[in-house]
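# Structural characterization, general
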Amino acid sequence: MTATENNLSCPCKKKSCPCHGDCKACRRHHAESKHKRPVYCDKKISFRKFRKGDEFAVSDVIVTTLAVSNSSDYSPEFIAENIKSHSPQVVASRADESHFYIALDGKKIIGCGGITGYWGSKTESYLVSVFILPEYQGRAVGRRIIEALEADEYFLRAWRTEVGSSLTAVGFYLKMGYKYKNGLTSPDSSGVVRLEKINEEKASVGVQRQGCRQ
Ligand SMILES: CC(C)(COP(=O)(O)OP(=O)(O)OC[C@H]1O[C@@H](n2cnc3c(N)ncnc32)[C@H](O)[C@@H]1OP(=O)(O)O)[C@@H](O)C(=O)NCCC(=O)NCCS
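Residues numbered from 1 in each chain as written. Predicted model: local features only at pLDDT ≥ 70, side-chain atom pairs only at ≥ 80, totals over all residues.

## Details of the overall build of the chain
Worth spelling out the cut-off: Helix numbering and strand numbering both begin at the N terminus, where a helix is a DSSP run of H or I of at least 4 residues and a strand a DSSP run of E of at least 2. Each residue is classified by how many other C-beta atoms fall within 10 Å of its C-beta atom, where C-beta atoms are placed from the backbone; a count of 20 or more means buried, 12 or fewer means exposed, and values in between mean partly exposed. In this description, a residue-residue contact is defined by the distance between C-beta atoms placed from the backbone, which must lie within 7 Å.
Looking only at helices and strands, one finds nine helices and seven strands in the chain. With respect to the three principal axes, the spread of C-alpha positions in the chain is 55 × 40 × 35 Å. Within the chain, the proportion of its 214 residues that are buried is 29%. Considering only residue pairs separated by 6 or more positions, the chain has 57% of its internal contacts joining residues 24 or more positions apart.

## Brief notes about unusual backbone geometry
Phi at K36 is positive, roughly 50°, even though this residue is not glycine. On the secondary structure map, K36 appears in the loop between α2 (23-32) and β1 (45-49). Positioned with a positive phi, W119 is a non-glycine residue whose angle comes to about 50°.

## Considering the pairing of strand β2 (residues 99-105)
Selection criterion: Paired strands, as defined in this entry, are two strands with at least two bridges between them according to DSSP.
Relative to β2, β1 is paired through five bridges, and the arrangement is antiparallel. Of the residues in β2, the one forming a bridge with F47 is A103. Judged from the seven bridges that link them, β2 and strand β3 (residues 108-117) form a sheet pairing that is antiparallel. Looking at the pairing, I102 lines up with C112 of β3. Hairpin connection from β2 to β3: two residues lie between these consecutive antiparallel strands, with G106 at a positive phi of about 65°.

## Things to note about the sheet that holds strand β4 (residues 124-132)
Operational definition: The convention used is that axes are lines fitted to C-alpha atoms, helices contributing only their stretch in contact, and that angles between N-to-C directions extend from 0 to 180 degrees.
Overall, mixed pairing links the seven strands, which are arranged β1-β2-β3-β4-β5-β7-β6 in an open sheet. Among the strands making up the open sheet, the edge pair consists of β1 and β6 (179-180). Two strands pair when backbone bridges link them, and β6 and strand β7 (residues 193-198) are joined in this way by two bridges, in the antiparallel orientation. Bridge pairing links K179 to E196 in β7. Set on the sheet, helix α5 (residues 88-97) makes contact with β2, β3 and β4; between it and β3 the angle comes to about 50°. Seen against the sheet, helix α6 (residues 141-150) touches β1, β2, β3 and β4 and runs at an angle of roughly 35° to β3.

## Examining the site of the ligand
Defined as follows: Nearness is defined per residue: the C-beta atom, placed using the backbone, must lie within 6 Å of the molecule or strand. Three classes are used: nonpolar for Ala, Val, Leu, Ile, Met, Phe, Trp, Tyr, Cys and Pro, charged for Asp, Glu, Lys and Arg, and polar for all others, with Gly counted as polar.
The immediate surroundings of the ligand are formed by 20 residues, with Q137, G142, R143, S166 and G171 found nearest. Going through the elements one at a time, α3 (55-69), β4, α6 and α8 (170-175) are the ones with two or more residues in the shell around the ligand. Here the residues of the shell around the ligand are counted per class, giving seven nonpolar, ten polar and three charged.

## Examining α5
This is how the line gets drawn: Think of it as the arc spanned by the lines of direction from the helix axis to the C-beta atoms.
Residues of α5 that are buried: V91, R94 and A95. Each buried residue of α5 lies within a common arc of 100° when the element is viewed along its axis, so the set occupies one face. The exposed set on the far side of α5, more than 90 degrees from its buried face, consists of Q89, S93 and D96. Among the structural elements, α3, β2, β3 and β4 are those in contact with the buried residues of α5.

## What about α3?
Defined as follows: Given the number of residues in a helix, its expected span is that number minus one, multiplied by 1.5 Å.
Spanning 15 residues, α3 covers 20 Å between terminal C-alpha atoms, matching the ideal 21 Å at 1.5 Å per step. Considered for burial, the residues of α3 that qualify are E55, V58, S59, V61, I62, T65 and L66. Looking straight down α3, one finds its buried side chains confined to an arc of 155°; they lie on one side. On its buried face, α3 is in contact with α4 (76-84), α5, β2, β3 and β4.

## Details of the domain arrangement of the chain
To keep things clear, this is the line we draw: In this entry, domain limits derive from an automatic or database-based domain assignment.
If you check the domain split of the chain, you get domain 1 (8-43) and domain 2 (45-204). Its C-alpha centre places domain 1 at a distance of 28 Å from the equivalent point of domain 2.

Following this line, the structure appears as structure tokens:
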């Protein structure tokens, strides 16, 4: 297979580049280059905090992603329930209760994620609503959302941060350095797998587990 056959819709104008159409090779080439310029398709990708009014587009991102990306791991009833619980109103109140970030391609919202205290704790935190539109997955947008969340004060103050991961996203969180909570690899009664990232330095000074979020 030639490089161009890898991704025939590669939008980069440099068709003569040996990496053209080969996303992994292209990203590696840019990461290793002296100037660290972003790859062509990431040039317009940006990140910012949620603003009032974003809830409609964010709800659309979550609903589309649930329907397309999560539907092979869950029953239609489970997906329908989750779609119902991500209305613009619910998204707005979730964003209000957390530090919520969005990813954009130009002006279009393409992904989101938030971090909040674990049941109100100031020493443990919890990731919420990490979703990337299907057509933008695999382009390091999820990784950059996690980087934004991990640079947030709610992550930095916590000795551990938990996530209730969909079955679909477990491999992603493992890649991001999260570990199975209490070694449990199967989903709990709400259908999610519990993973956590521990700040060893903070944990070693004796901050105790608080809260009881399941
Ligand atoms: C899970 C999700 C957020 C990942 O976002 P993404 O932008 O596709 O991920 P990235 O491209 O940033 O991937 C970062 C790394 O994780 C890896 N990765 C991503 N998803 C993975 C998966 N499901 N299994 C294993 N590895 C995965 C990538 O290969 C990449 O590794 P690399 O850096 O070595 O190349 C996205 O696929 C998604 O929205 N999924 C559906 C919704 C969902 O389940 N969200 C989680 C709710 S808890």
